[in-house]
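Chain and residue survey
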Amino acid sequence: MKMLRDELDLRRKTEVHEAEERKNSQISALMQRHEEAFADVRNYYNDVTLNNLALISSLKEQMEDMRKKEEHLEKEMMEVSAQNRRLADPLQKARDEMADMRKRLGSYERDKQILVCTKARLKVTEKELKSLQWEHEVLEQRFIKVQQERDELYRKFTAAILEVQQKVGFKNLVLERKVQALNTAVEKKEVQLNEVLAASNLDPAALTLVSRQLEDVLESKNSTIKDLQYELARVCKAHNDLLRTYEAKLLAFGVPLDNVGFKPLETAVMGQMLGQGPAGLVGTPT
């Protein structure tokens, strides 16, 4: 048991020693690998740091260059802005001129088309002018002829007016004298009747009969007087209408009324107002 225990103890120690040696060798290997890895990592990070420093330095240089470029660009931008401000008015003026030129171009095209149409219309108008000139000559000849006819009609019309005026004046005078004579006769008859009635002592029945007969005679005479007055008024009205027609014809032919040489007289019945109806119609005399 002791020998077995010693052998086992020796074997254990040997195994422990071998295990420690393996452990130490593994530790040494691990430490060596760790050192190598650490050296690699350190070298890597050193390289990274150096690269970063170089990159930072390069970026700083680039930033400085960019800053300088930015300052230069800002200066150029300010110069360009100032130049743009200086060129803004000429540019606007040039744009306005361009718009005006476009409008003028459009107007020129329209004027060109209008000119073509105007030339065509001018040719047509020239033809119409020649035709109108020919018509004008014809109308002038017709006008001369019509003017001669008008002068002849004016001469005949003047003579007719004078003749009618004389006839109407004479007829009016005759009718007025007839009316005055009839009025005088009626007045005399009334005076004589009154004297006869006053001188005779007739009874009231006979006086009434005589009065009625006298009234009938007076009514007949009054009716005759009214007819004569109406005839006189109708003749005066026809004469005045003839004068108005004559004046209207003169004005229609372009002859002033002052050139007639005399002033036609309008007729009127003494103490009466003539009607204002159409020609041939006379209002009831008052």
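Predicted model only: the values in this text are computed from it and were never measured.

1. Quick notes on the overall build of the protein
Looking only at helices and strands, the protein features 2 helices and 0 strands. Counting the 286 residues in the protein, one finds 12% classified as buried. Long-range pairs, those at least 24 residues apart, make up 78% of the contacts in the protein between residues at least 6 apart in sequence. Only carbon and sulfur atoms are counted for the fraction: they give 59% of the accessible area of the protein, which is about 24,000 Å².

2. Looking at the confidence of the model for the protein
This prediction gives the protein a mean pLDDT of 77; 77% of its residues lie at or above 70. Counted against residues more than four places away or in other chains, residues 269–286, with its pLDDT under 50, gives 35 contacts.

3. Overview of the nonpolar core
Counting 6 residues, the largest nonpolar core consists of Leu-175, Val-179, Ile-225, Leu-228, Leu-232 and Cys-236. Those elements giving two or more residues to this core turn out to be helix H1 (2–199) and helix H2 (204–252). Among the elements that take part in this core, H2 stands out by supplying 4 residues, more than any other. Once you skip the residues sitting within four places of it in the chain, Ile-225 turns out to touch Val-179, Leu-182 and Asn-183.

4. Remarks on a negative patch on the surface
Together, Glu-15, Glu-18, Glu-20 and Glu-21 line one region of the surface with negative charge. Following the sequence through the fold, Glu-20 ends up in helix H1. A residue is classified by how much of its surface remains accessible, and Glu-20, at 40% relative accessible area, is partly exposed.

5. Observations concerning the pattern of salt bridges
Enumeration over the complete set of coordinates arrives at 6 salt bridges. The partner of Asp-9 in a salt bridge is Lys-13, with the nearest N and O atoms 3.8 Å apart. Of this pair, Asp-9 and Lys-13 both sit in helix H1, 4 residues apart, which is roughly one turn of the helix. For Asp-9, a relative accessible area of 26% gives the class partly exposed. Taking relative accessible area as the criterion, Lys-13 reaches 48% and is therefore assigned partly exposed.

6. Description of the packing of aromatic side chains
Scanning the entire structure with this criterion turns up 1 aromatic pair. Pairing Tyr-44 with Tyr-45 gives two aromatic rings, centres 5.3 Å apart and planes at 75°, and the pair type is edge-to-face. Per residue, the accessibility class of Tyr-44 equals that of Tyr-45, and both read exposed.

7. A word on a nonpolar patch on the surface
Where nonpolar side chains cluster on the molecular surface, the patch consists of Met-1, Leu-4 and Leu-8 and spans about 350 Å² of accessible area. For Met-1, the location among the structural elements is in the segment before H1.

Rules used in this analysis
- Residues numbered from 1 in each chain as written.
- Predicted model: local features only at pLDDT ≥ 70, side-chain atom pairs only at ≥ 80, totals over all residues.
- Heavy atoms only, no water.
- Helix = DSSP H or I, 4+ residues; strand = E, 2+ residues; numbered from the N terminus.
- Buried < 20%, exposed > 50% of the residue type's maximum accessible area, 1.4 Å probe, protein only.
- Contact = heavy atoms within 4.5 Å.
- Areas by Shrake-Rupley, 256 points an atom, 1.4 Å probe, with all protein chains shown as cover.
- pLDDT = per-residue confidence, 0-100.
- Core = buried A, V, L, I, M, F, W, Y, C linked by side-chain atoms within 4.5 Å.
- Patch = residues over 30% accessible without salt bridge, like charges linked within 9 Å, V, L, I, M, F, W, Y side chains within 5 Å.
- Salt bridge = Lys/Arg side-chain N within 4 Å of Asp/Glu carboxyl O.
- Lys, Arg positive; Asp, Glu negative; His and termini not counted.
- Charge placed at Lys NZ, Arg CZ, Asp CG, Glu CD.
- Phe/Tyr/Trp six-rings, centres within 6.5 Å; stacked < 30°, edge-to-face > 60°.

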